[in-house]
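Here is what each chain is made of, one letter per residue.
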Amino acid sequence: MGGYKKRQAVGQKEVQDQVEGINVYEQLRNDILDLRLRPGMIISLKDICDGYKAGRTPVREAVIRLSKEGLAVFLPQRGTMVSKISMEKAEEERFLRGCVEERVLERFLEKAGEEEFRQLRKSVERQKILLQTGDSREFFREDGKFHSVFYHRAGLDYSYQILSAHGGDYHRIRLLTI
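Residues numbered from 1 in each chain as written. Predicted model: local features only at pLDDT ≥ 70, side-chain atom pairs only at ≥ 80, totals over all residues. Heavy atoms only, no water.

Could you give me a rundown of the nonpolar core, with the residues and numbers involved?
Among the nonpolar cores identified, the biggest contains 19 residues, and Leu28, Leu37, Ile48, Val59 and Leu66 are the most heavily contacted of them. Mapped onto this core, the elements with two or more residues apiece are helix H1 (2-33), helix H2 (45-52) and helix H3 (56-68). The contacts of Leu28, once residues within four sequence positions are left out, are Leu37, Ile48, Tyr52, Ala62, Val63 and Leu66. By size, the runner-up hydrophobic cluster in this structure holds 10 residues, among which are Val104, Val149, Tyr151 and Ala154. (Core = buried A, V, L, I, M, F, W, Y, C linked by side-chain atoms within 4.5 Å. Buried < 20%, exposed > 50% of the residue type's maximum accessible area, 1.4 Å probe, protein only. Helix = DSSP H or I, 4+ residues; strand = E, 2+ residues; numbered from the N terminus. Contact = heavy atoms within 4.5 Å.)

So what's going on with the layout of surface pockets? Residues and values would help.
In this structure, the largest pocket occupies an estimated 540 Å³ of space. Secondary structure elements with two or more residues in the lining of the largest pocket: H1, helix H4 (87-111), helix H6 (136-154), helix H7 (157-165) and helix H8 (168-177). Looking at which element gives the most residues to the lining of the largest pocket, the answer is H6, with 8 residues. A class-by-class count of the residues in the lining of the largest pocket yields 7 nonpolar, 9 polar and 9 charged. (1 Å grid on protein atoms, 1.4 Å probe; cavity = no way out; pocket = protein on both sides within 12 Å on 5 of 7 lines; lining within 4 Å. Points joined across faces, edges and corners; volume = space filled by probe spheres on them. Nonpolar A, V, L, I, M, F, W, Y, C, P; charged D, E, K, R; others polar.)

What follows is the structure in structure tokens.
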């Protein structure tokens, strides 16, 4: 009986680490994309653990995911650096998004109903308000919701997820230029 409880406790700890890792990843990613963590900034795993109140394993896993997305760079003996913005990469991300969205719009228009157009009008109104208040971070979050309506109705949610996961430099440049 003791072995079962021990395995169960280990399993619960693994699940807790995974949930914590997802939360740390999402928080770190948002802080990088929203420029709260600046390009070129060097941070240690310990600082991340302390700042996000998380353990080393979930933090390490989150940083590995961010490095795969090109948002973080490991520096031996120094820590982790928030990746600098690459104009070339941002241009490719913008190009890819533009090409894909032409096709998304075609599919959207074939399937869209009044509800989708209502959602889009409502989102545009929220974006106007956010521009007036100068809240650029919230403006871009709302802009993401606006675009997700097209992808969702077109049945291309996975495409939206891929573009969102690999558009970090383009996102950061957009935030800097508003």
